Amino acid sequence: FFKNNKVILTIILLLGLALRLWNLNKPEGLWNDEYITYSISMLKFPFDFFEGIKTNCHAPLHYFYLKLWMAIFRDSDFMLRLSSLVPNLLGCLVMYNVGKNYQTKDSSIKIGLTCALIGAISSFLIYFSQEVRIYSMIFLLSSLILLYSIKMYEFPCKKHAWWLTCFSVLLILEHTIGFVFVIFNT
């Protein structure tokens, strides 16, 4: 059954996409925290933008990401929420690679597919993939840190160290509590 892992992974990711798209365009519109995130991202760059970030408890990376997303895709509620869906689903793909890299034996593909499936059907991840908030990007960056931690452990090299450092810095810039994950991961 696990011989054609690319087909199974594609089915898992399509299932994850379907679950995340269902009810993405909520009729009630943005709620308070989503609107605050949107409002800060809409501020004029650089002075008003950084002043807005200082009034919030979160680090600046997500506001930059959302500002760039809106410049490309506009700012309808659906498109704003899609900005969370994309990194969330990419995080499921990264978790496949985490599981696959966890062991070098035959069971690694099964572990990878299981990790992807758990991510794809997680109600917590689905919920936060439908909000204009920072949590999907935290999931993606944390998954990438985990992946490169495993790679560093298995095959230490400068390239893996560089990627691990890069994703760790990005996580810290995504959320003020990101340093806790980085410290414990280290």
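Source: prediction; values computed, not measured. (Residues numbered from 1 in each chain as written. Predicted model: local features only at pLDDT ≥ 70, side-chain atom pairs only at ≥ 80, totals over all residues. Heavy atoms only, no water.)

## Quick look at the overall build of the protein chain
Moving on, step 1. For the protein chain, the helix and strand inventory stands at ten helices and zero strands.
Moving on, step 2. Of the regular secondary structure in the protein chain, the N- to C-terminal order runs α-α-α-α-α-α-α-α-α-α.
Moving on, step 3. For the protein chain, whose C-alpha radius of gyration is 18 Å, the value lies close to the compact-globule estimate of 16 Å for 186 residues.
Moving on, step 4. Projecting the C-alpha coordinates of the protein chain onto the three principal axes gives extents of approximately 55 × 40 × 25 Å.
Moving on, step 5. A buried classification covers 45% of the 186 residues belonging to the protein chain.
Moving on, step 6. A sequence separation of at least 24 residues applies to 69% of the contacts in the protein chain between residues at least 6 apart.
Moving on, step 7. In the form shown here, the protein chain has an accessible surface area of approximately 10500 Å², with 70% of it arising from carbon and sulfur atoms. (Helix = DSSP H or I, 4+ residues; strand = E, 2+ residues; numbered from the N terminus. Rg over C-alpha atoms; globule rule 2.2 N^0.38 Å. Buried < 20%, exposed > 50% of the residue type's maximum accessible area, 1.4 Å probe, protein only. Contact = heavy atoms within 4.5 Å. Areas by Shrake-Rupley, 256 points an atom, 1.4 Å probe, with all protein chains shown as cover.)

## Points about the packing of aromatic side chains
Moving on, step 1. Here the structure, examined in full by the defined rule, presents 16 aromatic pairs.
Moving on, step 2. Considering the side-chain rings of Y35 and Y38, the 5.9 Å spacing of their centres and the 50° angle between planes classify their relative orientation as tilted. Highlighted residues: Y35 and Y38, both in helix α2 (residues 32-42), separated by three residues, approximately one helical turn.
Moving on, step 3. Judged by relative accessible area, Y35 falls into the partly exposed class, the value being 48%.
Moving on, step 4. Centre to centre, the rings of F45 and F64 are 5.9 Å apart; their planes meet at 65°, and the pair counts as edge-to-face. Taken together, the residues span a long stretch of sequence, with F45 in the loop between α2 and α3 (47-54) and F64 in helix α4 (residues 61-73) at a distance of 19 residues. (Phe/Tyr/Trp six-rings, centres within 6.5 Å; stacked < 30°, edge-to-face > 60°.)

## Quick word on the side chain of S143
Moving on, step 1. Secondary-structure assignment places S143 in helix α8 (residues 135-154).
Moving on, step 2. Of the residues examined, S143 reaches a relative accessible area of 2% and is grouped as buried.
Moving on, step 3. Beyond its immediate chain neighbours, meaning those up to four positions away, S143 contacts G91, V94, M95 and V98.

## Quick notes on the packing of α3 against α4
Moving on, step 1. At a minimum axis separation of 10 Å, α3 and α4 run at an interaxial angle of 135°. Taken as axis vectors, α3 and α4 run oblique relative to one another. In the packing of α3 onto α4, the handedness of the crossing is right-handed. For the pair α3 and α4, the contacting residues are F49, F50 and I53 in the first and Y63, F64 and K67 in the second. (Axes fitted to C-alpha atoms, helices over the stretch in contact; angles between N-to-C directions. Parallel < 35°, antiparallel > 145°, perpendicular 65-115°, else oblique. Left-handed = near helix turned anticlockwise from the far one by under 90°.)

## A look at unusual backbone geometry
Moving on, step 1. Omega for the peptide link from F45 to P46 comes to 5°, which places this bond in the cis form.
Moving on, step 2. Take P46: it is sitting in the loop between α2 and α3.
Moving on, step 3. Of note in the backbone geometry, R74 takes a positive phi value of approximately 75° without being a glycine.
Moving on, step 4. Along the polypeptide, R74 turns up in the loop between α4 and α5 (77-102).

## A short note on α2
Moving on, step 1. By the burial criterion, the buried members of α2 are E34, T37, Y38, I40 and S41. Buried residues along α2 cover an arc of 165° about the axis, so they all sit on one side.
Moving on, step 2. Here the buried face of α2 lies against α3, α4 and α5. (Arc of directions from axis to C-beta.)

That is the geometry; function is a separate question.
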